[in-house]
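# Residue-level structural notes
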Amino acid sequence: ASGGLILSVVVQINRSRINPAAKHALDAIALENEPDLYKSLIPIFLEDSPRFIATIKTAIAVSDTATAKKTAHVWKSNAISLGADALGALCAELE
């Protein structure tokens, strides 16, 4: 089941578009010394995403619903903050 979940996430990410409103919201709160906050957060998100996937996959495998829900919630929040609404919706389903 978790292999199908991972495949579903990858397919959704590849098909989805980024919500430009998220970038505009981050641009609005960016500090002067970090004019492109959005661009600086993308590599961190991409670096963290495999860890989220692995944690959710392991949690599902051992029936640890609390960890799966918590991890999905954090990943959802990160995704939506960066405009990856389709991924956020998938994470919400996991919650």
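Scroll up to find the structure this text is about.
Residues numbered from 1 in each chain as written. Predicted model: local features only at pLDDT ≥ 70, side-chain atom pairs only at ≥ 80, totals over all residues. Heavy atoms only, no water.

## Observations concerning the nonpolar core
Core analysis: the largest hydrophobic core is formed by 13 residues, its most contacted members being L26, F45, W75, A79, L82 and L87. Contributions of two or more residues to this core are made by α3 (37–61), α4 (65–81) and α5 (85–94). Top element by residues in this core is α3. It accounts for 5 residues. (Core = buried A, V, L, I, M, F, W, Y, C linked by side-chain atoms within 4.5 Å. Buried < 20%, exposed > 50% of the residue type's maximum accessible area, 1.4 Å probe, protein only. Helix = DSSP H or I, 4+ residues; strand = E, 2+ residues; numbered from the N terminus.)

## Topic: α3
Here α3 is 25 residues long and its end C-alpha atoms lie 36 Å apart, about the 36 Å a rise of 1.5 Å per residue gives. The sharpest bend along α3 measures roughly 30° and falls at D48, with the proline P50 sitting one to four residues further on. Buried within α3 are the following residues: L37, Y38, F45, S49, F52, I56 and A59. Immediately beyond the C-terminal end of α3, within one or two residues, lies S63, with a positive phi of roughly 60°. (Expected span 1.5 Å × (residues − 1). Bend = angle between axes of the 7 residues up to and from the residue.)

## Comments concerning the packing of aromatic side chains
Taken as a whole and judged by the stated rule, the model has 1 aromatic pair. Above the ring of F52, the side-chain terminus of R51 is found at 4.8 Å from the ring centroid. (Phe/Tyr/Trp six-rings, centres within 6.5 Å; stacked < 30°, edge-to-face > 60°. Lys NZ or Arg CZ within 6 Å of the ring centre and 35° of its normal.)

## Overview of unusual backbone geometry
You will see that S63, though not glycine, has its phi angle at about 60°, which is positive. By secondary structure assignment, the location of S63 is in the loop between α3 and α4. The exposure class of S63 is exposed, given its relative accessible area of 62%.

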